[in-house]
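A closer look at the structure
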Amino acid sequence: METKTKLGIALAGLGKYATEQLIPALRLTKHCQLAGLVSSDDEKKQKWKQECGLKEDSLYGYDDFDRIADNPDIDIVYIVLPNAMHAEYCIRAARAGKHIICEKPLAMNVEECYRIREAVSEAQVRFSMGYRLHFDPFNREMMRLGQDEVFGPVRKMELLDSMDIGTESPWRIDRERAGGGPLLNNGIYCIQAALYIKGKLPVAVEARFAPVTNPGLFKEVEEGLIWTMFFEDGATAQCETSYSKNQNLMRAEGTEGWFELNPGYEYGGLTGRTSSGSMDLKPVNQQALQMDDFAHCIMTDGETRVPIEMGIRDMKIAEAIYAAAKSGERVALHLEEFGGLPEF
Ligand code: NAD
């Protein structure tokens, strides 16, 4: 059998993230390359096919997506579609025998996440979440400073990730296609940061919905959410996400000092400071490293640091945050099954 030196990635969805971030990032990768496009827009597909020098038979629509099983140039399908389509395309990609990268959130709810895991496990394909920040040196430094208790045990975190969404992304405020509002988009990064800075699983959450300032836009999903995650040792993470303002803070306070990124969740331009000075780190292309790492894991039978369980865990936490906001009660989390994830 021929051993590949680069794995082929097909992008399912040709929206903003796929065309503005992933296609440019793929040009920088060492272990993978663009090998296919899935979209219903023929004009868009032709344009990108030419620009990226793809083969004629590398283009798929949603209806004939399953033909992808017969294309040996495509090893991985990267799902970059609205959230409501993640489960269907992950499952179809698995049944086509392709490895999968899925954008966050993994799906619309925990039940869908389990269905994806079942399909992945039945097909024996590999799976990676599209969690790019795990490959970013500034975020990795936050993990190290927190988990190694460089400034003493972390007692308090402030994690704010919000974007003023305007009207340009209608599916994001449509419950049927997004599953939820900013919590399932930017808020997932706050959940992630709390866990990877502390290096522990939270035990409970409290939450409230932010007041609706734009009822015309936010009819179906929350405009904003403010929540607290509690850890067993008494540490807390105060979090906020919103679709009507811009925030990008990731801050942690230990018993002997503090460390923060601001901005902390962007693709680039991250800036880090600590109570003993600034973080002097070289920026990277997060998406290129993320895709390369997964391709390398597949080729070497290694473990991805962003496995499907991480996506399931984060969806469980998000569902608990929604339940806490709806009930006004503290909701206990039982996440013991996720204790072995690579970040801890
Ligand atoms: P987008 O709206 O720019 O693109 C969505 C794509 O899906 C478009 O090509 C659109 O034509 C296609 N599509 C197919 N059926 C559709 C339908 N019924 N309604 C709307 N679009 C439909 O969105 P995006 O910003 O590229 O987001 C896509 C996915 O990527 C989402 O899951 C999002 O959470 C994720 N994302 C991740 C990051 C990150 O930093 N990791 C950043 C942005 C988006």
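Quantities reported herein were computed from a predicted structural model and do not represent experimental measurements.

1. Structural notes on the overall build of the chain
When its secondary structure is counted, the chain shows nine helices and 15 strands. A buried classification covers 49% of the 344 residues belonging to the chain. A sequence separation of at least 24 residues applies to 70% of the contacts in the chain between residues at least 6 apart.

2. Comments concerning the site of the ligand
With respect to spatial proximity, 19 residues lie near the ligand, and among them Gly-13, Gly-15, Lys-16, Tyr-17 and Glu-103 are the closest. When residues of the shell around the ligand are assigned to their parent elements, the largest contribution, three residues, is made by helix α1 (residues 16–26). Grouping the constituent residues of the shell around the ligand by class yields seven nonpolar, seven polar and five charged.

3. Examining the packing of helix α5 (residues 137–147) against helix α7 (residues 187–198)
Look at α5 against α7: their axes get within 6 Å of each other, and the N-to-C directions meet at 45°. For the element pair α5 / α7, the angle class is oblique. Side by side, α5 and α7 meet where Met-142, Met-143 and Gly-146 of the first sit next to Tyr-196, Ile-197 and Lys-198 of the second. A per-class count over the contact of α5 with α7 returns four nonpolar, one polar and one charged.

4. Quick look at the sheet that holds strand β12 (residues 257–261)
Read from one edge to the other, the open sheet built from nine strands follows the order β14-β13-β12-β11-β7-β10-β9-β8-β15, with strand pairing classed as mixed. Strands with a single pairing partner mark the edges of an open sheet, and in this sheet they are β14 (277–278) and β15 (331–332). Examined bridge by bridge, strand β13 (residues 272–274) and β14 share two bridges and lie antiparallel to one another. Residue Thr-274 lies in a different strand from β14, and its bridge partner there is Gly-277. In the packing of helix α9 (residues 308–327) onto the sheet, the strands contacted are β8 (204–209), β9 (224–230) and β15, and the crossing angle to β8 comes to about 55°.

5. Description of the domain arrangement of the chain
In terms of domains, the chain is made up of domain 1 (7–125) and domain 2 (133–283 + 308–338). Placing a centre on the C-alpha atoms of domain 1 and another on those of domain 2 gives a separation of 27 Å. With 16 residues of domain 1 at the interface, the matching set in domain 2 holds 15 residues. Here the side of domain 1 that touches domain 2 gets five residues from one element, more than from any other, and that element is helix α4 (residues 110–123). Looking at the side of domain 1 that touches domain 2 residue by residue, the class counts come to 11 nonpolar, three polar and two charged.

Cut-offs and rules
Residues numbered from 1 in each chain as written. Predicted model: local features only at pLDDT ≥ 70, side-chain atom pairs only at ≥ 80, totals over all residues. Helix = DSSP H or I, 4+ residues; strand = E, 2+ residues; numbered from the N terminus. Buried ≥ 20, exposed ≤ 12 C-beta atoms within 10 Å, placed from the backbone. Contact = placed C-beta atoms within 7 Å. Near = placed C-beta within 6 Å. Nonpolar A, V, L, I, M, F, W, Y, C, P; charged D, E, K, R; others polar. Axes fitted to C-alpha atoms, helices over the stretch in contact; angles between N-to-C directions. Parallel < 35°, antiparallel > 145°, perpendicular 65-115°, else oblique. Pairing = 2+ DSSP bridges. Domains from an automatic or database assignment.

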